[in-house]
Amino acid sequence: MPFSLNAIFASCLLAFRRPPNISSDKLPDHVTREQLLATKLARFAKVPVSQIFDLEPGWSPLGLSEEAAAEALRQHGLNTPVAERPLAALSVLWTALWNPFNVLLTILAIVNIATQDVATFVVMMAMVVASTGLRFWQEIKSMVQALKLVRSIVTRVRVVRVVNGLSQEIELDQKQVVPGDIIAVASGDVFPGDSVLISSEALTITQASLTGELMPIDKTVRLTAAPESESFHLLNNDNVCLAGTSASAGNGRAVVIFTGESTYMAGIAEELNRKRPENAVQIGIKKVSYVLLGFMFVMAPIVFVVQGAVSHDWKGAIMFAIAIAVGITPEMLPMIVASNLALSAVRIAKKKVIVKRFDAIQNLGAVKVLCSDKTGTLTIDLVRVSSSVTGMGGESELPVKLAFINSSLQTGSRSPIDRAIVDYVHNNEGFIEGDWHKEWCKNGEVPFDSTRRLLSVLVSRPSMDGDGFLVTKGAVEEVLERCVSAYHYRDDSISPPITDFKLDSSSWTTLSNDDRRDILGVAKRFNEEGLRLVAVACRTVTIKAFMTLTTADEEDLVFIGFVSFLDPLKPDAAAAIKELSKLNVQVRILTGDAPAVAAKVAHDLGLMDTANVSLTREKGDEEASNSVSLDDLVITGSQLSELSKDKDAYTDAVERAVIFAKLSPYQKLEVVKALRAGGGGRAVAFLGDGVNDALAIRCADVGISVDSGTEIAKEAADVILLEKSLGVVALGVVQGRITLLNTMKYIKMACSSNFGNVFSVLVASAWLPYQPMLPLQLLTQNLLYDFSQGSIPWDNVDPEYLEAPRTWSAMSIIRFMVCLGPFSSPFDITTFCINWFHYKIRSLDSPLVPLAQTNWFLEGSLTQLFIIQFLRTGKIPFIQSRASLPVVVTTFGIACISMAIPYIPKVNSALHMTPPHPEFYAYLVAVIAAYASIVHVVKVLYQMKFKEWL
Ligand SMILES: Nc1ncnc2c1ncn2[C@@H]1O[C@H](COP(=O)(O)OP(=O)(O)OP(=O)(O)O)[C@@H](O)[C@H]1O
Ligand SMILES: [Mg+2]
């Protein structure tokens with residue numbers, strides 16, 4: 001156990017972690033932490049931006065000096081994000097302890113001690129300690145492992161600091177950010193601390209991580225002081241961006257006020273966890289638990305009355321009924337579920353998959369549809385410029401040169417496209433003539449957003465005399481819509497030096513409809529080859545003082561040409577998709593890119609194969625799936641919005657399509673919602689890396705992102721892939737299914753064996769004048785059985801169970817319990833008969849009563865333990881399917897202990913047991929053989945009828 005020492009060490013450390021505390025000030029009773037935080041933030045938020053830096057000594061608009069930053073770090077500590085902070089060991093222990101089963105066991109144990117039955121008390125409390133201890137151990141162990149991985153992801157933040165006497169933008173690990181730091185954020189970045197804006201350009205942020213609200217909100221700088229009387233709301237104001245919120249578009253700079261434990265998010269972290277809705281599996285487990293508790297509350301009183309009436313020993317009857325109550329309770333359920341999840345988390349962590357919340361693993365097992373973004377998830381995140389062409393497809397360097405001016409001066413986006421353009425020029429020395437840096441200056445910017453799909457920069461050269469160029473680049477259709485003319489390339493101006501670039505009426509021709517069609521045709525040809533495209537357009541603008549550039553300025557443009565990009569597929573993507581389809585997980589592409597590129601990617605991945613297609617087949621609708629045409633497989637955002645008025649048509653289109661192209665971030669979200677709603681609430685996963693994927697990631701059953709993705713996407717995700725390989729998603733799905741299956745296995749075995757026992761007990765109570773087993777013996781049997789179940793999370797799973805998505809089904813559990821449970825009772829009753837007729841134990845005062853009780857103890861324990869081998873698989877145990885070593889060792893080990901108990905001095909007398917007669921062993925072998933055969937026959941019939949086992 002490589003983590004054991006770590007785990008112990010961590011738990012000791014964590015047990016004493018301080019609760020969040022926003023300052024050392026003692027809060028007056030009537031002021032909440034939130035109010036105090038708001039008051040402190042308001043001090044900075046209500047003054048005009050020009051005065052913020054006067055409020056604290058040492059703060060400066062140039063940034064903190066290195067010394068000031070080091071001192072602040074010493075004073076405020078590391079800015080560790082909430083997700084990276086370990087839970088306090090005490091709180092893990094509390095969750096492990098606080099569940100209905102433990103509460104019930106403890107109450108029943110106390111009832112026993114009240115009647116001076118110390119031994120029973122000890123056995124019951126041993127059950128509580130066993131289930132809590134195992135669960136606690138598992139959770140701490142996997143928390144340490146998960147944290148190690150989460151911490152390996154370093155979040156870089158751009159910070160303005162004075163270094164060597166110069167104010168400059170540097171990149172820092174988010175943990176190093178301190179109050180007083182100026183941070184520069186662009187779309188996709190997460191705010192590292194509670195901050196007040198000092199500059200912004202079309203900045204919108206999303207507070208979904210704090211409030212669940214998906215709509216982005218605008219943020220601007222405060223230029224004038226707010227009136228004293230104006231109230232200040234933490235979550236509803238113009239210029240405060242709280243830690244954990246993220247920029248969804250635009251960019252800005254902000255001064256950090258609070259970091260680490262002092263932030264608003266740290267204070268509500270626990271509440272955020274509590275508020276998280278339960279997933280289907282958690283709800284299912286809860287339901288089953290309550291059904292069993294209900295069953296216990298009905299059966300225990302019946303047993304009490306029947307037994308009391310037959311034996312007239314009411315005190316004995318109540319103790320017996322309590323033991324039965326404990327027997328029915330699946331007290332190990334919370335432990336099994338938690339161990340299962342923790343074990344799976346550790347297993348998939350070894351494959352470099354980080355699960356931020358353990359319960360996401362079960363959802364992974366239930367996933368039926370995986371939606372994926374294209375770039376960076378299906379393709380390698382290394383987009384490269386392939387060519388630069390005119391609208392008619394002829395080569396020209398002009399488009400890429402203008403695109404470079406746009407990409408290198410813009411500050412809002414860090415998309416692979418901009419990176420590719422800048423890299424292309426940097427790798428071709430001398431490509432851009434002259435000292436462009438000094439020559440061109442930026443006068444304004446409209447940042448990229450995935451709904452508009454454009455990015456504009458207003459630039460000027462000193463020689464331009466108050467004029468400038470608006471250089472716009474973006475998706476082809478969107479750019480073309482805003483163009484009125486096209487640049488006229490003359491032979492001598494195919495690739496003009498950028499320094500000579502001019503736009504006057506002689507340099508363009510008006511765009512006719514035919515021209516537009518031709519340009520779109522050229523674009524489609526590039527797209528069909530799998531090349532991504534960005535169109536470039538430009539116009540001359542007179543630069544006025546204090547002008548702010550808006551989207552309304554993106555009009556009357558002159559079309560310049562295209563830059564095309566290679567965006568190669570990940571080498572393992574096709575194999576991973578095949579693997580997923582073997583696992584019956586459907587893959588859909590949801591992209592903002594053009595349909596033709598997406599179709600090419602899908603084709604290369606083998607997704608367009610119609611056989612692989614339709615979800616309609618799920619409904620057994622073979623004809624519908626055969627009638628799917630290739631056109632149905634691709635749908636665009638605008639087609640979807642047309643369909644959105646007709647709900648059925650929309651649903652139908654979503655069900656059929658494989659590729660969803662030109663989607664806005666909201667349309668990605670809507671498609672995920674529609675897929676989730678279809679097919680009776682199927683589980684949908686979304687895999688994406690961009691700002692435009694964050695909404696869909698958040699609303700999917702399992703949101704997945706990649707380590708190289710934007711912070712906003714990673715923040716929204718439940719699962720993060722550290723390796724750029726898609727194959728691990730399939731592994732995660734398999735592990736999720738194993739988890740669900742082993743949990744289901746435990747519940748089905750526990751329920752059916754309890755159900756059978758209750759029958760036998762009722763018969764015994766009504767017939768035998770003595771207790772068929774003492775309460776203490778019943779509890780010991782239970783405890784031993786519990787121990788044997790502790791290894792179930794480590795059990796093997798038959799491969800065929802992993803072929804299809806698994807969901808939680810209460811119906812399936814009840815059916816299993818009712819059909820299989822009663823088959824143990826005839827053998828229990830045979831044992832009662834042996835005791836009655838063969839050993840002639842027929843009255844309460846017979847000296848052989850302990851023998852009768854030992855006999856049933858042994859028969860009950862051994863059949864229950866042996867039958868695990870038969871129930872754990874739908875196949876023939878030992879031959880077709882073998883249990884894992886831990887299961888074999890625990891079940892056989894516990895069986896040996898059960899057999900040894902009547903012989904161990906002191907233990908046997910404490911439990912009132914006596915060694916059975918030798919011929920009883922022959923009987924035991926016969927019973928086990930007969931029981932196993934019957935269970936096997938029932939199993940075959942059950943699978944024929946219900947087409948399922950576990
Ligand atoms: N930085 C940018 N500047 C200009 N145009 C861009 C930029 N980034 C993307 N585009 C244009 O917007 C379109 C949509 O891109 P976006 O990145 O929003 O979609 P996406 O869903 O993330 O795509 P993918 O599935 O390939 O990751 C692109 O095809 C491109 O034409
Ligand atoms: Mg993307």
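Only a predicted model underlies this, so the values are computations on that prediction, with no experimental measurement involved.

## Let's talk about the site of ligand 1
Neighbouring ligand 1 are 21 residues; Lys374, Thr375, Ala475, Thr591 and Gly592 lie closest to it. In the shell around ligand 1, the residues fall into five nonpolar, nine polar and seven charged. Shared between two domains, the shell around ligand 1 holds at least three residues of each, these being domain 3 (353-379 + 570-722) and domain 4 (384-566).

## Here's the deal with the pairing of strand β15 (residues 483-487)
Bridging between β15 and strand β18 (residues 557-566) involves three bridges; their strand directions are parallel. In the sheet register, Ser485 faces β18, and the bridge partner there is Val558. Both β15 and strand β16 (residues 508-510) contribute to a ladder of three bridges, which runs antiparallel. Residue Ala486 lies in a different strand from β16, and its bridge partner there is Thr509.

## Brief notes about the environment of Val758
Along the chain, Val758 turns up in helix α27 (residues 727-767). Distance from Val758 to Ala300, taken between C-alpha atoms, is 9.1 Å for residues 458 residues apart in sequence. Residue contacts for Val758: discarding those within four places in its chain leaves Met299 and Ile328.

## Here's the deal with the domain arrangement of the protein chain
For the protein chain, the assigned domains are domain 1 (32-81 + 155-275), domain 2 (283-347 + 738-946), domain 3 (353-379 + 570-722) and domain 4 (384-566). The gap between the C-alpha centroids of domain 3 and domain 4 is 32 Å. Listed per partner, the contact involves 13 residues of domain 3 and 11 residues of domain 4. Ranked by residues supplied to the side of domain 3 that touches domain 4, first place goes to helix α19 (residues 595-605) with four residues.

## Some details on the packing of helix α28 (residues 775-789) against helix α31 (residues 849-871)
The axes of two packed helices give the description: the angle between them and the distance between them. At a minimum axis distance of 11 Å, the contact between α28 and α31 shows a crossing angle of 20 degrees. Of the possible angle classes, the one that applies to α28 and α31 is roughly parallel. Pair α28 / α31 crosses with right-handed handedness. Contacts from Gln777, Gln781, Leu784, Tyr785 and Ser788 in α28 reach Gln853, Phe857, Gly860, Ser861, Gln864 and Leu865 in α31. For the contact of α28 with α31, a count of residues per class yields four nonpolar, seven polar and no charged.

## Overview of the environment of Glu715
With respect to the helices and strands, Glu715 occurs in helix α26 (residues 711-716). Here the alpha-carbon distance between Glu715 and Lys356, two residues 359 residues apart in the chain, equals 9.7 Å. When near neighbours in sequence (up to four residues on either side) are disregarded, Glu715 contacts Val190, Ser209 and Ser246.

## Details of the pairing of strand β4 (residues 182-186)
A regular strand carries its side chains on alternate faces of the sheet. Burial analysis of β4 places four of its five residues in the buried class, which makes it a mostly covered element. The pairing of β4 with strand β8 (residues 246-258) spans five bridges and is antiparallel. Counterpart to Ile182 in the pairing with β8 is Val255.

Conventions and cut-offs
Throughout this description, residue numbers start from 1 for each chain and increase along the sequence as written. Naming scheme: in the order in which they are written, chains are lettered from A and ligands are numbered from 1. Only residues with pLDDT of 70 or above have their local features reported here, since the model is predicted, and side-chain atom pairs are shown and tallied only from 80 upward, although totals for entire chains, interfaces and linings are computed over all residues. Nearness here has a simple definition: the residue's C-beta atom, placed using the backbone, must lie within 6 Å of the molecule or strand. Note on residue classes: Ala, Val, Leu, Ile, Met, Phe, Trp, Tyr, Cys and Pro are nonpolar, Asp, Glu, Lys and Arg are charged, and everything else, Gly too, is polar. Throughout, the edges of the domains are those of an automatic or database domain assignment. The criterion for strand pairing is that DSSP finds at least two bridges linking the strands in question. Per the convention used, a helix needs a DSSP run of H or I reaching at least four residues, while a strand needs a run of E reaching at least two, with both numbered from the N terminus. Residues are treated as contacting if the C-beta atoms built from their backbones sit within 7 Å of each other. Lines fitted to C-alpha atoms define the axes, with helix axes restricted to the stretch in contact, and inter-axis angles between N-to-C directions lie between 0 and 180 degrees. These descriptions rest on fixed angle ranges, namely under 35 degrees for roughly parallel, over 145 for roughly antiparallel, 65 to 115 for roughly perpendicular, and the rest for oblique. A crossing counts as left-handed when the near helix is turned anticlockwise from the far one by less than a right angle, and as right-handed when that turn is clockwise. Any residue with 12 or fewer other C-beta atoms within 10 Å of its own C-beta is exposed, any with 20 or more is buried, and the rest are partly exposed; the C-beta atoms used are placed from the backbone.

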